[in-house]
Amino acid sequence: MVTAENPKLYSPKHILNLLKKEKNSLLALSLFESASRHPNFSHSQLVFHHILRRLVTPKLVVHVGRIVDLIRTHNCKCSEDVALTVIKAYSKNSMPDKALDVFKRMREIFGCEPGIRSYNSLLNAFIQSAQWDRAESFFSYFETAGISPNLQTYNILIKISCRKKLYNKAKGLLDWMWQSNFKPDVYSYNTIISGLAQSGKVLNALEVFDEMFEKGLEPDVMCYNILIDGFFRTGDSTKANEIWERLLEGSSVYPNVITYNVLINGFCKCRKFNECLEVWNRMKKNERSPDLFSYSTLINGLSESGNFDGACMVYREMIESGLAPDVVTYNVMLNGFFRAGKVKETLDLWKTMGKEDCRNVVSYNIFIKGLFDNGKVDEAISIWELLPTENLLSDSTTYGILVHGLCKNGYLNKALQVVREAENRGENIDIYAYSSLIDGLCREGQLNEALRLFNQMDEKGFRLNPHVCNTLIIGLIRSSKLEDAIYFFKDMVNKCCIPNIITYNTLLKGLCKGQRFSEAYEIVKQMLEKGLKPDMITYSLLMDGLCQERKIDSARNLWAQVVDKGLNPDVVMHNILIHGLCSMSKVEEAVHVYSEMGRCNCAASLVTYNTLMEGFYKDKDCESASIIWAIIFKNGLKPDIISYNIVLKGLCSLGRLSDAIGFFDKALINGITPTVITWNILVRAVIQNGPCM
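This is a predicted model, so every value here is computed, not measured.

Peer 1: Describe a positive patch on the surface, naming the residues involved and giving the relevant values.
Peer 2: Taken together, the side chains of Arg 550, Lys 618, Lys 649 and Arg 684 make up a positively charged region of the molecular surface. Relative to the helices and strands, Lys 618 resides in helix α36 (residues 606-618). Classification of Lys 618 by relative accessible area gives exposed; the value is 59%.

Right, here's the structure in full:
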């Protein structure tokens, strides 16, 4: 214990040893200040430097100024290294003005003159705060002050250009450095490669990377990590794997934990889970200890792939390795349990997280969403109401999940109440919550309230997106208010909301359903003029319209256009064309279209077979219809009431009433519930043909 009776304990050497032993920086600061107040304590550069190095974190940097004042007050001569620590602490925490003040007063405070390292540190402080003009102005001052820039200076200038996204300028400076005998180092190249990769210019980054070999520089593992991550970010897992192979085969550097984490994370996001596991196994084989990020990423990836048993195995392995889960890991497991439908295990984990005091607002968001997805509405609301008890506030994501879950489960009034109360409290409600509410109102037929809410969003300055507008258009069309939907569509641009392909398809469907085909074709023309490419839904809707207009040749021409564009017609489009051909008594052509489905790997659906059967019965070809019926069972499909109605109607139209009655009995035995249409078919047949004997 430090006492006044033992002056030797206040020697700088002894205090420095005590400070080094204290792992908690705040307690170390308290110990230093306690010693500083004692008359026997003699201040030294080593003690000041040690404590300053421990105060660079955002939470502790506020104490740096007090230590600097002590240095000045006690006239403790310090080297430039101590001043650099102070400048770098302020730089790291985006406090350039304080860094500048220390720089200007270095002689007064520390008794030393600023050298090139101090100049570079202040230059970097301006960059860290994105104060480009001040940085460039300060660099101009170098010459006035008689300071010659060194390699570190030019590396900082490269960083300025990269932060401003002036990559050509950065590369030009790199080239100039080679010409001026300022040999760039790996850091110079890393800065440019990182800037290009983060901006999505990964191929340009690769060119700069390859130049390093030409210039006789060996990239470090960070270079490889940046490139691998860059290619994964663009979705190019093949190229990312190529860089990984180059690291393994032709490099004198070795992968580190960050390399493996980048690979695991990248492969998971590209949904290449087998490759992810290969990297994981290699990591363990090479005795690279996974960290929390490694485990959390792999657990999340396995959960997303549906391999939750594997995720649990990795989680247990993490626990056995001695690593304690953090809130991120717990959240990943929580999400995984819900995805796997393991509600009981989720509840157990939630309790464990509570005992470990390891919940954040993301935990609550995941848990509330999972409860809603499992229909546990009351429990979800109860959990939401617990947020304030843990000193947590609902964020915009919380409200989005809450409102969406309530609307989806039929609690529209409760959702409205939640939003109104949150608005009154001035809390943040985002566009997802409002769009969910609008969708719920539209589904309940409360269009006026939905439109009022939409206009309210517009007035509040929300940037309206097509999803919200599409929801309203669907609601209007569903309520047979096609004219209002068209007017709303035309007004979207005035509200700075550009219609997307879904918007056009939604309106196209409404127009075709209303048999307003000329207007539908005009909408498609507008869509093409806007540069939007029709998708399979667009083509299907157009083909359906043409078939309804009995323009079967035009429908076939459209089909040919779809194929020529390299698109593969799906089962919906096949069914539309088959139905169109059958309605025109072109059953043989319909059968040909059906036979082509197998060649393009498009499996026929029950709708396909129902349509063909109906076509054959209309053509009075009972034998072919019976063959289709047999194929339904052969292909593992189960006839529905529509299938039975088609057969009943077909048999009755051919005067085979007794066969129809027998068939009807089979339907009842098979658990098929007759509809009004079923009874109408049979009653009409009896009236026309008389009861069967």
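Following the structure, the description resumes.
Peer 1: Requested: an account of the pattern of salt bridges, with residues and values cited.
Peer 2: In a structure, side chains of opposite charge can pair up when their charged atoms sit close to one another. Inspection of every chain in the model, using the stated rule, returns 29 salt bridges. Here Arg 117 ties to Glu 80 by a salt bridge, and the two come within 3.7 Å at their closest N and O atoms. Of this pair, Arg 117 sits in helix α8 (residues 116-128) while Glu 80 sits in helix α5 (residues 80-92), placing them 37 residues apart in sequence. A salt bridge links Glu 427 to Arg 425, with the shortest nitrogen-to-oxygen separation between them at 2.4 Å. Given the relative accessible area of 48%, Arg 425 is considered partly exposed. Because the salt bridges share partners, they merge into one network encompassing Glu 80, Asp 81 and Arg 117.

Peer 1: Go over the nonpolar core, please, and point to the residues and values.
Peer 2: Ranked by size, the top nonpolar core spans 224 residues in total, and within it Ile 71, Phe 110, Ile 193, Leu 227, Leu 437, Ile 438 and Met 543 carry the most contacts. Apart from the residues within four sequence positions on either side, Ile 71 is in contact with Phe 48, Leu 52, Cys 76, Cys 78, Val 82, Ile 109 and Phe 110.

Peer 1: Which residues make up the side chain of Thr 297, and what are the values?
Peer 2: Counting through the fold element by element, Thr 297 comes out in helix α18 (residues 292-304). Taking the relative accessible area as the measure of exposure, Thr 297 reaches 10% and is therefore buried. In this structure, Thr 297 is in contact with Ile 264, Asn 265 and Cys 268, ignoring residues within four places of it in sequence.

Peer 1: Lay out the packing of aromatic side chains in plain terms, naming residues and giving numbers.
Peer 2: This model, assessed by the stated rule, comprises 31 aromatic pairs. A centroid spacing of 4.9 Å and a plane angle of 85 degrees characterise the contact between Phe 103 and Tyr 119, whose relative ring orientation is edge-to-face. In this pair, Phe 103 is assigned in helix α6 (residues 96-104) and Tyr 119 in helix α8, connecting sequence segments 16 residues apart. On the numbers, 5.6 Å between centres and 15 degrees between planes, the contact of Tyr 119 with Phe 138 is stacked. On the criterion of sequence distance, the pair formed by Tyr 119 in helix α8 and Phe 138 in helix α9 (residues 132-144) is long-range, its members being 19 residues apart. Exposure class is identical for Tyr 119 and Phe 138. Each is buried. Ring pairs connect the aromatic residues Phe 103, Tyr 119, Phe 126, Phe 138, Phe 139, Tyr 141 and Phe 142, which therefore count as one cluster. Here Lys 215 stacks its cationic end above the ring of Trp 178, 5.2 Å away from the centre of that ring. Directly above the aromatic system of Trp 350 lies the positively charged group of Arg 359, at a separation of 4.1 Å from the ring centroid.

Peer 1: Run through the side chain of Asn 470, naming residues and quoting values.
Peer 2: Residue position: Asn 470 is located in helix α28 (residues 466-478). Relative accessible area serves as the criterion here: at 5%, Asn 470 is assigned to the buried category. Within the structure, Asn 470 has its side chain in polar contact with the side chain of Thr 503 (distance 2.6 Å). Asn 470 has contacts with Asn 500, Ile 502 and Thr 503, leaving out every residue within four places of it along the chain.

Calculation criteria
- Residues numbered from 1 in each chain as written.
- Predicted model: local features only at pLDDT ≥ 70, side-chain atom pairs only at ≥ 80, totals over all residues.
- Heavy atoms only, no water.
- Patch = residues over 30% accessible without salt bridge, like charges linked within 9 Å, V, L, I, M, F, W, Y side chains within 5 Å.
- Areas by Shrake-Rupley, 256 points an atom, 1.4 Å probe, with all protein chains shown as cover.
- Salt bridge = Lys/Arg side-chain N within 4 Å of Asp/Glu carboxyl O.
- Lys, Arg positive; Asp, Glu negative; His and termini not counted.
- Charge placed at Lys NZ, Arg CZ, Asp CG, Glu CD.
- Helix = DSSP H or I, 4+ residues; strand = E, 2+ residues; numbered from the N terminus.
- Buried < 20%, exposed > 50% of the residue type's maximum accessible area, 1.4 Å probe, protein only.
- Core = buried A, V, L, I, M, F, W, Y, C linked by side-chain atoms within 4.5 Å.
- Contact = heavy atoms within 4.5 Å.
- Phe/Tyr/Trp six-rings, centres within 6.5 Å; stacked < 30°, edge-to-face > 60°.
- Lys NZ or Arg CZ within 6 Å of the ring centre and 35° of its normal.
- Polar contact = N/O pair within 3.5 Å; in protein donor to acceptor, adjacent residues only side chain to side chain.

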